[in-house]
Amino acid sequence: MAKQKFPYLVGSKWTATQQTWGWRHFQVVNRKNQGQWVFAEMVASCDPTVRFWLNAKQLKDRSLWKPGWQSLQEMNE
């Protein structure tokens, strides 16, 4: 059995470096595997009606996403 990719994905919190659908703070509520890819369902922490799927690999790109919920001040330091 191959090691599961992104084992702690669901429940993890992320800050988008650019506003995404009007928000910056998101939580992963779901995951799905499609072939070699893992997708994460993101939900805006301030507006649960805002949700979208993205390739979980993008969460590793620190120019796009930072782990945890960070304030703008923290991100600019």
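Not measured: the values here are computed from a predicted model.

Undergrad: Looking at this structure, I do not really get the packing of aromatic side chains. What am I missing?
TA: Ring pairs (aromatic) are described by centroid distance and by the angle formed between their planes. Following the criterion strictly, the structure yields three aromatic pairs and no others. Taking 6.4 Å as the distance between ring centres and 45° as the angle between the ring planes, the aromatic pair formed by tryptophan 21 and phenylalanine 52 counts as tilted. Separated by 31 residues along the polypeptide, tryptophan 21 in the loop between strand S1 (13-20) and strand S2 (23-34) and phenylalanine 52 in strand S4 (residues 47-55) bring together distant segments of the chain. Taking the relative accessible area as the measure of exposure, tryptophan 21 reaches 64% and is therefore exposed.

Undergrad: Help me understand the pattern of salt bridges, please; the structure alone is not making it clear to me.
TA: Proximity of charged atoms lets side chains of opposite charge pair with each other. Under the counting rule described, the total for this entry stands at one salt bridge. The salt bridge involving arginine 51 is made with glutamate 41; its shortest N-O contact spans 3.2 Å. Within this pair, whereas arginine 51 is found in strand S4, its partner glutamate 41 is found in strand S3 (residues 37-44), the two being separated by 10 residues in sequence.

Undergrad: What exactly am I supposed to notice about the nonpolar core here?
TA: Nonpolar side chains tend to gather and get buried jointly when the protein is soluble and globular. Ranked by size, the top nonpolar core spans 16 residues in total, and within it Leu9, Phe26, Val28, Met42, Leu59 and Trp65 carry the most contacts. Counting only elements with at least two residues in this core, the list comes to S1, S2, S3 and S4. Ranked by residues supplied to this core, first place goes to S3 with four residues.

Undergrad: Any chance you could explain the sheet that holds S1 here in plain terms?
TA: Strand-to-strand pairing in sheets goes through backbone hydrogen bonds, with the strands running parallel or antiparallel. Reading across from one edge, S4-S3-S2-S1-S5 is the order of the five strands in this open sheet, with antiparallel pairing throughout. The open sheet terminates on both sides in strands that have one partner only, identified here as S4 and strand S5 (65-67). Direction aside, the axes of adjacent strands within the sheet are offset by 35° on average. By the bridge criterion, six bridges tie S3 to S4 in an arrangement that is antiparallel. Within S4, the position partnered with phenylalanine 39 by the bridge is asparagine 55.

Thresholds, definitions, all that
Residues numbered from 1 in each chain as written. Predicted model: local features only at pLDDT ≥ 70, side-chain atom pairs only at ≥ 80, totals over all residues. Heavy atoms only, no water. Phe/Tyr/Trp six-rings, centres within 6.5 Å; stacked < 30°, edge-to-face > 60°. Helix = DSSP H or I, 4+ residues; strand = E, 2+ residues; numbered from the N terminus. Buried < 20%, exposed > 50% of the residue type's maximum accessible area, 1.4 Å probe, protein only. Salt bridge = Lys/Arg side-chain N within 4 Å of Asp/Glu carboxyl O. Core = buried A, V, L, I, M, F, W, Y, C linked by side-chain atoms within 4.5 Å. Pairing = 2+ DSSP bridges. Axes fitted to C-alpha atoms, helices over the stretch in contact; angles between N-to-C directions.

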